[in-house]
Amino acid sequence: QVQLIESGGGLVQAGGSLKLSCAASGRTFSSIAMGWFRQAPGKEREFVATISRSGGTTNYADSVKGRATISRDNAKNTVYLQMNSLKPEDTATYYCAAKYGDMWYTNPSAFAYWGQGTQVTVSS
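**Q** Any details on the side chain of Thr-93? Residues and values, ideally.
**A** Tracing the backbone shows Thr-93 in strand 9 (residues 92–100). Judged by relative accessible area, Thr-93 falls into the buried class, the value being 18%. A distance of 2.9 Å separates a polar atom in the side chain of Thr-93 from a polar atom in the side chain of Gln-119. Not counting residues within four places of it along the chain, the set of residues in contact with Thr-93 comprises Phe-37, Arg-38, Gln-39, Gly-117, Thr-118 and Gln-119.

Encoded structure:
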């Protein structure tokens, strides 16, 4: 069982930056691929980024590529999402997710474990 707790969301002006964190419980953090997803009101949950178990490989949605960086610290059981040049369309609840196995899945249904979400609001 993996429990995830996100933090770091908030209100930011367009063009600003935020760094989201996700702390994971358990001793198997280095065995799980991690991801960030987001969901805006009235929209489906969508893929943002994933990172491999070692942290050596990452994958990004086209909508955030070049503006987002996912990273992890296996010693701290934590994954991060640095978002720069934020746009109003980035406004959403951001969710941390985890799965055993391959990191290349972008469908939320592939991820078994989820945090409660953290709100990011970007004002224009």
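**Q** An account of the packing of aromatic side chains is requested, with residue identities and associated values reported.
**A** With the rule as written, the count across this model stands at six aromatic pairs. When the centroid spacing of 5.0 Å and the interplanar angle of 70° are considered together, the rings of Phe-37 and Phe-111 count as edge-to-face. Placement of Phe-37 in strand 4 (residues 32–39) and of Phe-111 in the loop between strand 9 and strand 10 (113–114) is noted, with a sequence separation of 74 residues between them. Note on Phe-111: relative accessible area 4%, which makes it buried. Over the aromatic face of Tyr-95 sits the side chain of Arg-45, whose NZ or CZ is 3.7 Å from the ring centroid.

What counts, and where the lines are drawn
- Residues numbered from 1 in each chain as written.
- Predicted model: local features only at pLDDT ≥ 70, side-chain atom pairs only at ≥ 80, totals over all residues.
- Heavy atoms only, no water.
- Helix = DSSP H or I, 4+ residues; strand = E, 2+ residues; numbered from the N terminus.
- Buried < 20%, exposed > 50% of the residue type's maximum accessible area, 1.4 Å probe, protein only.
- Polar contact = N/O pair within 3.5 Å; in protein donor to acceptor, adjacent residues only side chain to side chain.
- Contact = heavy atoms within 4.5 Å.
- Phe/Tyr/Trp six-rings, centres within 6.5 Å; stacked < 30°, edge-to-face > 60°.
- Lys NZ or Arg CZ within 6 Å of the ring centre and 35° of its normal.

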